[in-house]
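Here's the letter readout for the chains.
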Amino acid sequence: MSSIFDKFASLQEQHAALTAAGKSPAEIRFDEIISPTEAMLDGKRTILMGTNNYLGMTFDEEAVDAAITALKTEGTGTTGSRIANGSYNGHEALEQELADFYGMRSAILFSTGYQANLGAISALAGRDDYLLIDADSHASIYDACRLSDAQVIRFRHNDPQNLARKLERLKDKPGNKLVVIESIYSMLGDMAPLKEFIEVKKKYGAYLLIDEAHSLGVMGEKGRGLCEHEGAESDIDFVTGTFSKSIGTVGGFLVSDLPGMDIIRFVSRPYMFTASPPPSVVASARKTLSRIAGASALRKKLWENAAQLYNGLQAAGFELGPTLSPIVAIRLKDAEKAITLWNGLLEAGVYTNLALPPATPFGWYLLRSSISAAHTPEQIALAVEVCTKIGLELGLTTLSNSNKANGAALNGASPSPSSASTEATDTAQPEADEPAARV
Amino acid sequence: MNSSLSTQNDDGIKAIMLEIQNQLRSRTSDSTKIGPQTNITRDLGLDSLAIMDFIFDLEDSFDISIPMERIAEVQTISDLAQAIAILQKEAA
Ligand SMILES: Cc1ncc(COP(=O)(O)O)c(C=O)c1O
């Protein structure tokens, strides 16, 4: 008998093959969350290295207390959208605080980061406009394009020249051009060449929106992200972001210095037709956001931790993403080895993410980890050790285990750079406290 | 779609088909048959990322941008060639 699910038969097969070797990456269930970096999984204490919990804020006492107070005084939910059911004080206060944090005129709160991209991009780019998006864009950006009435043109990943050619072809067309990029890309941890993109967008009079999901709290002296880090904030038209990573809760936002942005509230369906964030979430987001600017010690620790993992894995001979960032991804060509490595790490008590094509660049299998300021050097050392051991068994690394201990630069001694990426292995050893320059 | 392209454009379409085939030769196995009715996502053994890269290269060689909405409508090599011909005409 036929079923409405028949069309997913090949996906089912893929999933079955994936899980045959062990656990399903999509069906991990933690029995107990111990801390931002540890959980119980199948009765085993497990180090969490794939949570995007960059500053370890999920158990921050002040944020937890603020949430409890809000729960008790304002209840468990808003039970409606702000357009239909009104705003709470906290929504408006948080928007003002976001605008102040970025030094921009206004901010709009969304229920998630996914919805912030969906709602911002689909509303900003209308029928006669053009959306130009990076080919490696997050799903929320791709989905925003489907919701938008604008024409959508993709440019090659992190390639300002390719964008320039596409804007050149549009230069006599009426209609606004909105360019969408991300600061740190979530799969490989590579960063946008922001200055070059800004040059292009200025030349053609386009608007630029940047999703700072993975850089908020992570980059910049005050934690405002890549744009702050590059001293380029005045050239950015729109920033979107999320509370689901460094802020340790849930929610998303759009900020801009352009006058008149509030009208978006009346056209953006993902803003209008979903419930607003609950008071407890707003309260903890406000508390954590208020600490981001002053959290430079945490940021320093985060980058030191990232460097320990990145340099340790690179020294062991793994092929990684092109730049040091808190997202550290091992690039693998072989599905089976990727699955074995991921399962092996899990058995050794280290949880990472397994990212599969087509969600990954170049069809790579990625063992993706995200580092937190809350990780200890011991936790990271253990992850490197286990990775290296399994990597050796699988023939993924070429170096002996002892070499990794000194963390010395072995640039050039790494296995041959893959054909797909010429940029990965021959970079200078990144400094711990300074986001590395792009290659 | 055909009605907007008169027969005098047939040579143009042929040239486009030729370039598409050239671009595909290096990406597909020698045994892969490439004709006007070849289905791009089904018959070429290319995954979505390879197809995206193929489209980027076509954009460069024809100096056009192919909007995602147009790509979504394309199924066969012939569809693709027609779409490129229309985009070239629009750009001219
Ligand atoms: C680049 C990027 N943008 C947006 C999002 C969506 O954020 P949220 O989890 O708040 O929906 C994510 C996270 O998945 C992301 O990686």
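Residues numbered from 1 in each chain as written. Chains lettered and ligands numbered in written order. Predicted model: local features only at pLDDT ≥ 70, side-chain atom pairs only at ≥ 80, totals over all residues. Heavy atoms only, no water.

1. Here we look at the overall build of chain B
Counted only if it meets this: For the purposes of this entry, the term helix denotes a DSSP run of H or I that reaches at least four residues, the term strand denotes a run of E that reaches at least two, and both are numbered from the N terminus. The globule rule is 2.2 Å times the number of residues to the power 0.38, and the radius of gyration it is compared with is taken over C-alpha atoms. A simple rule labels every residue: compare its accessible area, found with a 1.4 Å probe on the protein chains alone, to the largest value its type can have, and call it buried under 20%, exposed over 50%, or partly exposed in between. Residue contacts follow a heavy-atom distance rule, with two residues in contact if any of their heavy atoms lie within 4.5 Å.
Summing up its helical and strand segments, chain B has five helices and zero strands in all. Along chain B, from the amino end to the carboxyl end, the secondary structure elements read α-α-α-α-α. Taking 12 Å as the expected radius of gyration for a compact globule of 92 residues, we find that chain B reaches 13 Å, a close match to that expectation. Residues classed as buried in chain B amount to 45% of the 92 residues present. Considering only intrachain contacts with a sequence separation of at least 6, the fraction spanning at least 24 residues in chain B is 59%.

2. Observations regarding the site of the ligand
All names here are of chain A. We apply this condition: Near residues are defined by distance, with any heavy atom within 4 Å of the molecule or strand qualifying the residue. Definition of a polar contact: a pair of N or O atoms within 3.5 Å, with one able to donate and the other able to accept a hydrogen when the atoms are protein atoms, and with sequence-neighbouring residues admitted only if both atoms are side-chain atoms.
As a matter of local geometry, the ligand sits amid 15 residues, with G113, D211, H214, T242 and K245 nearest to it. Backbone polar atom of Y114 to an oxygen atom of the ligand: 2.8 Å apart, as the coordinates give it. In this structure, H214 approaches the ligand through a side-chain N or O atom, which is 2.7 Å from an oxygen atom. Sort the elements by how many residues they give to the shell around the ligand and helix α5 (residues 113-124) lands first, with three residues.

3. A look at the pairing of strand β3 (residues 44-48) of chain A
All names here are of chain A. The criterion, for reference: At least two bridges found by DSSP between two strands is the condition for calling them paired.
Inspection of the sheet shows strand β2 (residues 38-41) paired to β3 by four bridges, in the antiparallel sense. Bridging from a neighbouring strand, A39 pairs with T46 of β3. Joining the antiparallel neighbours β2 and β3 is a turn of two residues, in which D42 adopts a positive phi near 50°.

4. Let's talk about the pattern of salt bridges
What counts here: Note on definitions: salt bridges are taken to be side-chain nitrogens of Lys or Arg within 4 Å of carboxyl oxygens of Asp or Glu.
Applying the stated criterion to the full structure yields 27 salt bridges over all chains. For E59 of chain B, the salt bridge is made with K166 of chain A, and the minimal N-O distance between the two is 2.3 Å. On the criterion of chain membership, the pair formed by E59 of chain B in helix α3 (residues 48-62) and K166 of chain A in helix α7 (residues 160-169) is interchain, its members lying in two chains. Across this residue pair, the class does not change: E59 of chain B and K166 of chain A are buried. A salt bridge links K202 of chain A to D235 of chain A; the nearest nitrogen and oxygen atoms lie 3.1 Å apart. Note that K202 of chain A is positioned in helix α8 (residues 194-203) and D235 of chain A in the loop between α9 (226-229) and β9 (238-242), a separation of 33 residues in sequence. Relative accessible area serves as the criterion here: at 22%, D235 of chain A is assigned to the partly exposed category. Via salt bridges that share partners, R156 and R165 of chain A together with R27, D53, D57 and D60 of chain B belong to a single interconnected network.

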